[in-house]
Amino acid sequence: MTERRTDVDLLVVGGGPAGLATALHAARAGLEVTVFEQRAGTVDKACGEGLMPGAVAALAALGVRPEGHELRGVRYVAGHRRAVAAFRAGPGRGVRRTVLHAALREAALAAGVRIEHRTVRGVEQDGQGVVADGVRAAHLVAADGLHSPIRRALGLDRPHRARPRYGLRRHFALAPWSDHVEVHWARGAEAYVTPVADGLVGVAVLTAGRGSYDDHLAAFPELRERLSGARPAGPVRGAGPLRRSAGARTAGRVLLVGDAAGYVDALTGEGVALALAQAPAAVRAITGGDLTAYERDWRRLTRRYRRLTHALLAATRPSPARAALVPAAQRLPWLFSAAVDALARPAGECAPEDGRRLPDG
């Protein structure tokens with residue numbers, strides 16, 4: 001059989017953090033890489049914008065150090081109750097999504113990656129390559145987000161019966177009052193407060209309930225009082241449903257990376273960290289000629305996130321359990337600190353042998 005010529009070694013569909021990180025790793029591995037992104041310019045997204053220490057370290061390894069606000073830990077808030085845990089792995093960073101995207105995009109371009117404004121809804125492939133929007137590549141990485149058209153086109157989407165959860169985010173122009181990510185708990189929602197600059201705070205709400213951003217914010221009277229008089233610094237952005245599953249992370253010569261590969265919930269704030277860990281694993285599988293290795297690595301890298309997030313969602317689904325969460329974290333600070341420490345470590349890294357381990361859930 002005559003071998004068909006490919007235009008590039010790797011085509012990445014999706015120019016968010018997952019796609020750009022994959023492109024960077026691939027370019028540094030010597031591959032010729034092109035990225036297709038359907039949105040022009042700097043890309044924004046509704047997310048909490050808090051980078052865990054593991055994500056900060058992964059970005060630094062790529063030479064990417066976006067400006068932002070240093071984060072020292074996580075604080076849970078429910079009325080007058082507080083539970084605080086510090087990051088033991090080093091500081092995290094609150095970073096505007098647009099700042100993170102611009103930094104990764106600049107690094108990718110500097111590494112020789114081509115970035116084109118194009119839309120891809122499906123792919124064709126054979127044993128030698130993949131074709132998307134007229135471009136033929138030896139391999140393709142789909143990093144096209146929660147609602148991944150490529151995942152759907154490949155027949156890898158898996159439905160869910162659970163009540164869907166959504167995220168809403170808005171920025172406010174005011175000085176941060178903490179160097180921690182604050183998670184405010186209410187009956188049917190959580191609010192995540194992340195300082196992202198000296199004069200800018202992001203407030204994201206996660207909920208399964210209906211209503212506007214202001215409707216949901218009303219469930220957090222203390223937080224609403226904090227924000228009173230502060231000027232909104234941009235529109236409300238939304239994302240969801242958050243829960244997404246894929247039947248597999250590979251199909252032929254296509255690999256799914258980031259949210260496209262599956263997502264449980266934003267509850268633990270690990271989205272970017274997971275994408276940054278999956279990106280080099282996908283590239284290793286491609287350069288090593290063993291795509292099945294990526295499926296194994298994906299399961300290993302995401303196991304902690306999936307277990308913790310499933311357990312926390314299940315534990316806080318009943319209203320009495322939600323109300324008891326912060327008091328429990330106060331009474332068992334070692335357990336709360338262990339959970340935060342587990343989330344702060346790089347994806348796939350094991351817990352230290354310090355005598356007290358976080359249950360698997």
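The coordinates are above.
On a predicted model such as this, the values are computed, not experimentally measured, just so you know.

Caption draft 1: Expanded view of the overall build of the chain. The helix and strand tally for the chain stands at ten helices and 21 strands. The principal-axis extent of the C-alpha atoms belonging to the chain is close to 70 × 45 × 40 Å. The buried share of the chain, taken over its 361 residues, is 51%. By sequence separation, contacts in the chain at least 24 residues apart represent 73% of the contacts at least 6 residues apart.

Caption draft 2: Broad picture of the packing of aromatic side chains. Throughout the structure, instances matching the rule amount to three aromatic pairs. Residues Tyr263 and Tyr305 carry aromatic rings whose centres are separated by 6.1 Å and whose planes lie at 40° to one another, so their mutual orientation is tilted. Residue Tyr263 is found in the loop between strand E21 (254-256) and helix H7 (271-288), and its partner Tyr305 is found in helix H8 (residues 292-315); the two are separated by 42 residues along the sequence. Counting every residue linked through ring pairs, the aromatic cluster contains Tyr76, Trp185 and Phe336.

Caption draft 3: Fine view of the packing of helix H1 (residues 17-28) against H7. Look at H1 against H7: their axes get within 8 Å of each other, and the N-to-C directions meet at 40°. Taken together, H1 and H7 sit at an angle that is classed as oblique. Handedness of the H1/H7 crossing: right-handed. Judged by residue contacts, Ala18, Ala21, Thr22, His25 and Ala26 of H1 engage Ala275, Leu276, Ala279, Pro280 and Val283 from H7. Tallied by class, residues from the contact of H1 with H7 come to eight nonpolar, two polar and no charged.

Caption draft 4: Spotlight on the pattern of salt bridges. According to the stated counting rule, one finds 26 salt bridges in the structure shown. Residue Arg5 is joined to Asp7 by a salt bridge in which the shortest nitrogen-to-oxygen separation is 3.1 Å. With relative accessibility at 62%, the residue Arg5 sits in the exposed group. Given the relative accessible area of 29%, Asp7 is considered partly exposed. In the salt-bridge network here, residues are joined through shared partners; they are Asp44, Glu49, Arg96, Arg169 and Arg237.

Caption draft 5: Focus on the side chain of Asp297. You can see Asp297 is positioned in helix H8. Leave out the neighbours within four places in its chain, and Asp297 touches Ala281 and Arg284.

Caption draft 6: Inspection of the sheet that holds strand E3 (residues 50-51) at higher detail. Judged by pairing direction, the sheet is antiparallel, and its three strands sit side by side in the order E3-E7-E4 without closing on themselves. The sheet is open, and its two borders are formed by E3 and strand E4 (69-71), each paired with just one other strand.

Caption draft 7: The nonpolar core, seen in detail. With 60 residues, the main nonpolar core has Leu11, Val33, Leu51, Leu140, Val141, Leu255 and Tyr294 as its most contacted residues. Apart from the residues lying within four places of it in its own chain, the contact partners of Leu255 are Leu140, Val141, Ala142, Arg249, Thr250, Ala282, Ala285, Ile286, Leu291 and Tyr294. The next biggest cluster of nonpolar side chains, apart from the first, holds 31 residues, and it includes Ala85, Leu206, Ala342 and Ala344.

Caption draft 8: View of the pairing of strand E1 (residues 8-13). The element E1 is largely enclosed, with a buried count of five among its six residues. In this sheet, strand E11 (residues 135-142) lies alongside E1 in parallel orientation, the contact comprising five bridges. Its bridge partner being in E11, Val8 is matched across the sheet by Ala137. As paired strands, E1 and strand E2 (residues 33-37) are joined by four bridges and run parallel to one another.

Caption draft 9: Structural detail: helix H3 (residues 97-110). Helix length check: H3 (14 residues) gives 20 Å between terminal C-alpha atoms against 20 Å at 1.5 Å per residue, within 8%. Here H3 has its buried residues at Arg97, Leu100, His101, Leu104, Ala107 and Ala108. Across the axial projection of H3, the buried residues extend over an arc of 135°, all falling on one side. Relative to its buried face, H3 has exposed residues pointing more than 90 degrees away, namely Glu106 and Ala110. Tucked into the core, H3 has its buried residues touching H1, E3, helix H2 (53-61), strand E8 (114-117) and H7.

Caption draft 10: Region of the structure containing the packing of H7 against H8. One way to put it is that H7 packs onto H8 with a least axis distance of 9 Å and a crossing angle of 165°. Accordingly, the angle class assigned to the pair H7 and H8 is roughly antiparallel. Remark: the crossing between H7 and H8 carries right-handed chirality. Contact residues: H7 offers Leu274, Ala277, Gln278, Ala281, Ala282, Arg284 and Ala285, while H8 offers Tyr294, Asp297, Trp298, Arg300, Leu301, Thr302 and Tyr305. Of the residues that constitute the contact of H7 with H8, the class distribution is nine nonpolar, two polar and three charged.

Caption draft 11: Seen up close, the environment of Thr42. Along the chain, Thr42 turns up in the loop between E2 and E3. Judged by relative accessible area, which is 47%, Thr42 ranks as partly exposed. Considered as a pair, Thr42 and Leu100 are 58 residues apart in the sequence and their alpha carbons are 9.4 Å apart. Each residue touching Thr42, except ones within four places of it in the same chain, is listed here: Thr98, His101 and Ala102.

About the criteria used
- Residues numbered from 1 in each chain as written.
- Predicted model: local features only at pLDDT ≥ 70, side-chain atom pairs only at ≥ 80, totals over all residues.
- Heavy atoms only, no water.
- Helix = DSSP H or I, 4+ residues; strand = E, 2+ residues; numbered from the N terminus.
- Buried < 20%, exposed > 50% of the residue type's maximum accessible area, 1.4 Å probe, protein only.
- Contact = heavy atoms within 4.5 Å.
- Phe/Tyr/Trp six-rings, centres within 6.5 Å; stacked < 30°, edge-to-face > 60°.
- Axes fitted to C-alpha atoms, helices over the stretch in contact; angles between N-to-C directions.
- Parallel < 35°, antiparallel > 145°, perpendicular 65-115°, else oblique.
- Left-handed = near helix turned anticlockwise from the far one by under 90°.
- Nonpolar A, V, L, I, M, F, W, Y, C, P; charged D, E, K, R; others polar.
- Salt bridge = Lys/Arg side-chain N within 4 Å of Asp/Glu carboxyl O.
- Pairing = 2+ DSSP bridges.
- Core = buried A, V, L, I, M, F, W, Y, C linked by side-chain atoms within 4.5 Å.
- Expected span 1.5 Å × (residues − 1).
- Arc of directions from axis to C-beta.

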